[in-house]
Amino acid sequence: MEKKTYLNLIFLLVILFPLNLFSQQDGPRGEYPDAIINPYWEFYSENRLSTISGGKGYTGVASLGDMSSISLNPASLYIEKRFNTNVSYNFRTRVNYLPYFSSDDYLKNALPSLSVGGGYRINENFQTGFSYQNNYSYKYDFILITTNEFGTEIGRNEAYYKFISHSFIVPFVFNYEWLRLGANLNLTYITGDFDYGEDIFINEFPTSGKAELWSFIPQIGFIISPNKYFSLGASYTFGFSDNFEWEYNRGTPQTSYCEIPSRLSVGTEGKLLEDKLRLSLEYHYANTSAINYLKDKSNIHLGAEYSINDFWIVRGGFFTLFDFRDVDDTWNYNTTFDQFFITVGGTYKYKGLAFNVALLSSYLTSSSGVKHSIINAGIGFDF
């Protein structure tokens, strides 16, 4: 009896993605990007790994910080003694993604979501180090339904799409009096894979596949501190585009294309109450309109940090994550992806150790169908 397969079906391969995954081609730049390796998913996929920044509205472009802060601005790296090491890990709550299609489709945390690194103060003016980070990742789990020619369900498979970026970063920082200049030499390894299960038979239709590519993505930044009460910072991350190949369990390999946007962040930090209270205001931008069904990402971040004493620091903040899709009502289904995150966090210091924790959540302030929370914890050590 002939089988017909519905991958949730028309939704996943036609409605959700602008191009069927397996008919992709090297078309006009930005017009037909890959379905899985794609900034479309950044309403959920950004891990926001810096625990300290996470607690204060994910700000830090104009602040000094540990090794995990270099993803916001390489110039922010500040090693108080000779060495700094830092490990942070986070967990995101899952999202029932577009539930009007299925209650069994979820966006989930894709492991690892990790930042680990060490920094070294060469001398009074130069600092460097090494860091490994997963700045973007997601796993999309869904149920694949198999029917016969009469439309009767005869089987269900658990299926998924997954994307993870692995960044290997060497930061260089120069500081002199009121000026800090920084650069991240960032080699990024990107992986994507999917699996529909082995019970699907449609000619040579592949049921699993993997893709990978390497790219050099430099980031530069500066911080200016004209006095001890105020600082101004900015960071720019270069975008890139590239072709890569999907390898399937059956069928011929296919060439696909990805477009990763450039990013710009600018911000200020003010210091009050003899430097016990720090307030941050930032603007974060990404050129996601390089893909023809997305708009540019433009968001505001606010943060506050208060040092209670030599041991305890508390933080709070807010940031927006506006819907950056640029699609018609057929895609929107009268829903919004706008999210408004409230953040809280803190640090406890003890003999060179810093224990950090942060919670970032859009549940209380958003009506979005993709609202979620991020729990982040980290440990730093200066010696």
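Residues numbered from 1 in each chain as written. Predicted model: local features only at pLDDT ≥ 70, side-chain atom pairs only at ≥ 80, totals over all residues. Heavy atoms only, no water.

If you look at the biggest cluster of nonpolar residues, it comprises 38 residues, and the most contacted ones within it are Phe-43, Tyr-97 and Leu-107. Going through the elements one at a time, helix H2 (42–45), strand E7 (137–148), strand E8 (153–176), strand E9 (179–195), strand E10 (208–216), strand E13 (240–248) and strand E14 (254–260) are the ones with two or more residues in this core. The residues contacting Leu-107, other than those within four sequence positions of it, are Trp-41, Phe-43, Tyr-44, Arg-94, Val-95, Tyr-97, Tyr-138, Lys-139 and Tyr-140. If you look at the next biggest cluster of nonpolar residues, it comprises eight residues, including Tyr-58, Leu-321, Phe-341 and Leu-360. (Core = buried A, V, L, I, M, F, W, Y, C linked by side-chain atoms within 4.5 Å. Buried < 20%, exposed > 50% of the residue type's maximum accessible area, 1.4 Å probe, protein only. Helix = DSSP H or I, 4+ residues; strand = E, 2+ residues; numbered from the N terminus. Contact = heavy atoms within 4.5 Å.)

Moving on, we get to unusual backbone geometry. The omega torsion of the bond from Leu-111 to Pro-112 falls at 0 degrees, within 30 degrees of zero and hence cis. Relative to the assigned elements, Pro-112 resides in the loop between strand E4 (106–108) and strand E5 (114–121). Here Arg-48, not a glycine, exhibits a phi torsion of approximately 50 degrees, which is positive. Residue classification places Arg-48 among the buried positions, given a relative accessible area of 7%.

Moving on, we come to the environment of Ser-215. As for its placement among the helices and strands, Ser-215 is situated in strand E10. Relative accessible area serves as the criterion here: at 10%, Ser-215 is assigned to the buried category. As a C-alpha pair, Ser-215 and Ile-190 span 25 residues in sequence and 8.1 Å in three-dimensional space. In this structure, Ser-215 is in contact with Asn-186, Leu-187, Thr-188 and Phe-240, ignoring residues within four places of it in sequence.

Looking at the chain, pLDDT values average 87 and 87% of them are 70 or higher. Between residues 1–30, whose pLDDT stays under 50, and residues either more than four places distant or in other chains, the model counts 91 contacts. (pLDDT = per-residue confidence, 0-100.)

Another point: a nonpolar patch on the surface. Residues Ile-220, Tyr-236, Phe-238, Leu-264, Val-266, Leu-281, Tyr-283, Ile-300 and Leu-302 make up a contiguous nonpolar surface patch of about 690 Å² in total accessible area. Elements supplying a minimum of two residues to the nonpolar patch: strand E15 (263–272), strand E16 (277–286) and strand E17 (297–307). The topology assignment puts Ile-220 in strand E11 (residues 219–227). We classify Ile-220 as partly exposed; its relative accessible area is 41%. (Patch = residues over 30% accessible without salt bridge, like charges linked within 9 Å, V, L, I, M, F, W, Y side chains within 5 Å. Areas by Shrake-Rupley, 256 points an atom, 1.4 Å probe, with all protein chains shown as cover. Salt bridge = Lys/Arg side-chain N within 4 Å of Asp/Glu carboxyl O.)

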